[in-house]
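Structure assessment
Listed below are the residues making up each chain.
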Amino acid sequence: FPVTIFQFHFNTGQFMDEQDKPLAPDLVKPISKLFPERLWEEAVEFIPDDGYTDEDLPAIAYVDNPSKKLKHRSIEIDPTTLAYIENPTEEEKLYAVTIWGPTIEYIEDPSEQVQLAAVKNDVESINHIKNPTERVIQYVHLLKNFSNLPSVINSYEESEICDILEYNGDMIKHIKNPT
């Protein structure tokens, strides 16, 4: 029966066959538990200079059922690795978009909380949300066009108002009794 010989290249963070061609994750995942967590922790540190490609995947893509710690570190290093984590939790999604809002592009049907976190990080992240909620649309509109602020200011949480004021401090004149 055929035997696949492979090696892990630390300089690229990839599993390769004997001809140094990248292996598909489905060939590596079944044996990923044979490697110590320490190896994976080092592997997720690698980010290719030109980003990930179909052949150049992040180390997290090769791990079957990665630990919470490993997923957290992978997202911390590069939030787009969220796309390679099977069934990410709400917490992992929030963490990724808080680091880099456009990561929301890789999240299928994000919650309103994740959508708001993404646009708070980068208002242009709205362009990566397939079906933004009305609240998110209105929030982005307020950030970009402050004329509506006086009529809706009371429907926002204090932290959101602070974000709006940080974006444009002149809006404080529309808030009654600012504290």
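Preceding this section is the structure that the text describes.
Residues numbered from 1 in each chain as written. Predicted model: local features only at pLDDT ≥ 70, side-chain atom pairs only at ≥ 80, totals over all residues. Heavy atoms only, no water.

1. Here's the deal with the overall build of the protein
- Looking only at helices and strands, the protein features eight helices and two strands.
- Along its sequence from the N terminus, the protein presents helices and strands in the succession β-β-α-α-α-α-α-α-α-α.
- Total accessible area computed for the protein in this model is approximately 10,900 Å², and 50% of it derives from carbon and sulfur atoms. (Helix = DSSP H or I, 4+ residues; strand = E, 2+ residues; numbered from the N terminus. Areas by Shrake-Rupley, 256 points an atom, 1.4 Å probe, with all protein chains shown as cover.)

2. What to know about the packing of helix H4 (residues 90-99) against helix H5 (residues 112-121)
- With their axes 7 Å apart at the nearest point, H4 and H5 run at an angle of 15° to one another. Of the possible angle classes, the one that applies to H4 and H5 is roughly parallel. H5 is crossed by H4, and the crossing has right-handed handedness. Judged by residue contacts, Glu90, Lys93, Leu94, Val97, Thr98 and Ile99 of H4 engage Gln113, Val114, Ala117, Ala118 and Asn121 from H5.
- Within the contact of H4 with H5, the residues separate by chemical class into six nonpolar, three polar and two charged. (Axes fitted to C-alpha atoms, helices over the stretch in contact; angles between N-to-C directions. Parallel < 35°, antiparallel > 145°, perpendicular 65-115°, else oblique. Left-handed = near helix turned anticlockwise from the far one by under 90°. Contact = heavy atoms within 4.5 Å. Nonpolar A, V, L, I, M, F, W, Y, C, P; charged D, E, K, R; others polar.)

3. Considering unusual backbone geometry
- A positive phi angle is found at Asp20, which is not glycine, with a value near 60°.
- Along the chain, the position of Asp20 falls in the loop between strand S2 (14-17) and helix H1 (25-28).
- Although it is not a glycine, Asn65 sits at a positive phi angle of roughly 55°.
- Position of Asn65 among the secondary structure elements: in the loop between helix H2 (37-43) and helix H3 (68-77).
- Exposure remark for Asn65: the relative accessible area of 60% places this residue in the exposed category. (Buried < 20%, exposed > 50% of the residue type's maximum accessible area, 1.4 Å probe, protein only.)

4. Brief notes about the pairing of S2
- Burial of S2 is two-sided: the residues Gln14 and Met16 facing one way and the residues Phe15 and Asp17 facing the other way are all buried.
- The pairing of strand S1 (residues 6-9) with S2 spans four bridges and is antiparallel. Bridge pairing links Phe8 to Phe15 in S2. (Pairing = 2+ DSSP bridges.)

5. Some remarks on the pattern of salt bridges
- One pass over the structure, following the stated rule, counts five salt bridges.
- A salt bridge links Glu92 to Lys71, with the nearest nitrogen and oxygen atoms 3.1 Å apart. Separated by 21 residues along the polypeptide, Glu92 in helix H4 and Lys71 in helix H3 bring together distant segments of the chain. Here the two residues Glu92 and Lys71 agree in accessibility, since each one is buried.
- Here Glu76 ties to Arg73 by a salt bridge, and the two come within 2.8 Å at their closest N and O atoms. Note that Glu76 and Arg73 are positioned in helix H3 at a spacing of three residues, about one turn of the helix.
- Judged by its relative accessible area of 38%, Glu76 falls in the partly exposed class. (Salt bridge = Lys/Arg side-chain N within 4 Å of Asp/Glu carboxyl O.)

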